[in-house]
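# Close look at the chain arrangement
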Amino acid sequence: MTEEHSAQWHDEPTDYAQIGKLPRFVAASADDGKAASVSSLNITAAAADPELLDLPWHVALEDWPAEYLAALPRGISRHIVRFAHLGGSVIAIKETSEHVARHEYHMLRKLARFDVPCVEPVAVITGRTTPDGRPLNPVLVTRHLKFSMPYRALFSQMLRKDTLTRLIDAQALLLVRLHLIGFYWGDVSLSNTLFRRDAGAFAAYLVDAETGELYPDLSTGQREYDLEIARVNIAGELMDLLDGGLIEEKVDPVATSELIMDSYRRLWAELTEKESFELGERWRVGARIRRLNELGFDVEEYAIKTTQNGSTIQLQPKVVDAGHHQRRLLRLTGLDAQENQARRLLNDMDSFRADNNPSMDEEYSAHLWVSQVFEPIVRSIPRDLSGKLEPAEVVHEVLEHRWYMSEKQERHIPLAEAVQSYIDSVLRHRRDEAAIMLNPPTGLLKILDAETEESRYGGDETIDDYPDADD
């Protein structure tokens, strides 16, 4: 890189306690603009990545040569967005104003510290100019989320209404998690969300945080306004899909978009509402914990108040964050999976322990399960099929496939037999869901076939609806 286009690296801001927007930068004068035409790039990042310097920052993003780009499906955006290769990963690059880029970068860093599902910010790059000195817009660089897709890619082939409902439920859960930490999104939509498979359901990740604000707490009005934005935006997006013939004609976009209201309020009530019960019904404390855990939330403490007559107790759990099953799986095995995937794998792990040695130490039993179940399944997947699904989803599907085989044949199916049957009859016919698709087919990108399991097994049943796969 020439001296004119050398880079100045700046540390990522560490004032995580700051609430809300970053201060605006003072506009540059005309003389400053002349100097900027030959100045170096200014890169703000958490860690210096020299490979960023190999990208053509002196070229407008819409004109970047194809050799730098990754052919990934893009969602609808008001900005110019491109995917590019960076080492062994893919990054998303968005041209915007400097203030917006820095604000969004700052918000994404904060959300990551709260362990909220969102894309990873990589850098903000300013000081871009063409070789003849013409200024170019700053960019925000984020890391592309592997095995994820924008909603339009999910609908590149017809999805049924119940699958659409699960998609909206995932969006509602994401919004609840954001509101619990005091984050007001301001532009909730399917377009600003990425979706990943999560053991037959979907997990939603925030992509666009440029309109977001972080507060100590959100008022009811702020939450309801965010929810109304979600309802209106989703209705519009579904109308667009309906016009394009990408969802069933019987789907009512307005009525379907209102599902997020019901799903959100149901989740919010379960997580935050006070509950009153008689003194003899203390078992309901445990029931409330189990329901919260099933939603993926941990409970750190309770606020229990006895009423004046002493006959009832009011319970209000203090919910800290989501990921109960994820953290347990990570603690026991070191495996990092989605919440539903973690729940399924833990179910099998617990059954493995019960079948082999119920008195065995939990951590030691988990180690045996990884070496005797998880790793053999992953190693059995041929290299040319390894990009079809992420390992945790593959293991979940193999265990489910094994149970259905056992039920159909009315015999115990050895794990090796189930794996081979799954590879031959299921996995080979799947489309790749890995993040890097270098040679996508022409026409519509038919990426995720969300109905594969339903059409194969004849319904929405999951392995949790039946006895454990290893029984």
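Above this text you will find the structure in question.
Residues numbered from 1 in each chain as written. Predicted model: local features only at pLDDT ≥ 70, side-chain atom pairs only at ≥ 80, totals over all residues. Heavy atoms only, no water.

### Here we look at the pairing of strand E10 (residues 201–206)
Two faces, one strand: in a regular strand the side chains alternate between the faces of the sheet. Spelled out, the test is: Throughout, exposure labels follow a simple rule: accessible area from a 1.4 Å probe, protein chains only, divided by the maximum for the residue type, with under 20% read as buried, over 50% as exposed, and the rest as partly exposed. In DSSP terms, a helix is any run of H or I states spanning at least four residues, a strand is any run of E spanning at least two, and both are numbered starting from the N terminus. Strand pairing is defined by DSSP finding a minimum of two bridges between the two strands.
A large share of E10 lies buried, amounting to 6 of its 6 residues. Burial of E10 is two-sided: the residues Ala-201, Ala-203 and Tyr-205 facing one way and the residues Phe-202, Ala-204 and Leu-206 facing the other way are all buried. The sheet contact formed by strand E9 (residues 193–198) and E10 spans 6 bridges and is antiparallel. Looking at the pairing, Leu-194 lines up with Tyr-205 of E10.

### Regarding the sheet that holds E9
Two pairing modes exist for strands in a sheet, parallel and antiparallel, and in both the strands are linked by backbone hydrogen bonds. This is how the line gets drawn: In this description, a line fitted to the C-alpha atoms serves as the axis of each element, helices being fitted only across the stretch in contact, and the angle between N-to-C directions of two axes falls anywhere from 0 to 180 degrees.
In space, the 3 strands of this open sheet follow the order E7-E9-E10, with antiparallel pairing throughout. Because the sheet does not close on itself, it has two edges, and the strands there are strand E7 (148–150) and E10. Along the sheet, successive strands turn relative to each other by an average axial angle of 35°, direction set aside.

### Focus: helix H10 (residues 339–356)
Rule in force here: To estimate how far a helix should reach, multiply one less than its number of residues by 1.5 Å.
Helix length check: H10 (18 residues) gives 26 Å between terminal C-alpha atoms against 26 Å at 1.5 Å per residue, within 8%. Of all the positions in H10, only Glu-339, Gln-341, Ala-342, Arg-343, Arg-344, Leu-345, Leu-346, Asp-348, Met-349, Ser-351 and Phe-352 are classed as buried.

### A short note on the pattern of salt bridges
Rule in force here: Salt bridge, as used here: a side-chain nitrogen of Lys or Arg that lies within 4 Å of a carboxyl oxygen of Asp or Glu.
The final tally for this structure, using the stated rule, is 15 salt bridges. The partner of Lys-94 in a salt bridge is Glu-104, with the nearest N and O atoms 2.7 Å apart. With Lys-94 in strand E4 (residues 89–95) and Glu-104 in helix H2 (residues 98–113), this pair connects stretches of sequence that are 10 residues apart. Neither residue differs from the other here; Lys-94 and Glu-104 are each classed as buried. One salt bridge connects Glu-210 with Lys-94, and the closest N-O pair in it is separated by 3.2 Å.

### Quick look at the pairing of strand E5 (residues 120–126)
Most of E5 sits inside the fold, with 6 of its 7 residues counted as buried. Strand direction decides the pairing type here: E5 and strand E6 (residues 139–143), joined by 5 bridges, are antiparallel. In the strand pairing of E6, Ala-123 is matched with Val-141.

### Considerations on the nonpolar core
Note the threshold: Here, the term nonpolar core denotes a set of buried Ala, Val, Leu, Ile, Met, Phe, Trp, Tyr and Cys residues that are joined through side-chain atoms within 4.5 Å.
In terms of nonpolar packing, the biggest core is built from 46 residues, with Leu-111, Leu-178, Phe-183, Trp-185, Phe-195 and Leu-206 touching the most fellow members. The leading source of residues in this core is helix H4 (residues 161–180), at 9 residues. Grouped together as the second largest cluster of nonpolar side chains are 31 residues, Leu-335, Val-394, Leu-415 and Tyr-422 included.

### Considering the packing of aromatic side chains
As a reminder, the rule being used: Only the six-membered ring of Trp is used, alongside the rings of Phe and Tyr, when aromatic pairs are assigned; centres must lie within 6.5 Å, and planes under 30 degrees apart are stacked while those over 60 apart are edge-to-face, with the rest tilted.
A complete count under the given rule lists 5 aromatic pairs for this structure. Each ring, one from Trp-57 and one from Trp-64, has its centre 5.2 Å from the other, and the planes form 65°; the classification is edge-to-face. A residue is classified by how much of its surface remains accessible, and Trp-57, at 2% relative accessible area, is buried. Residue Trp-64 is classed as buried on the basis of its relative accessible area of 6%. Seen from their ring centres, Trp-64 and Tyr-68 are 6.4 Å apart, and the 65° between their planes marks the pair as edge-to-face.

What is shown is where atoms sit, not what they do.
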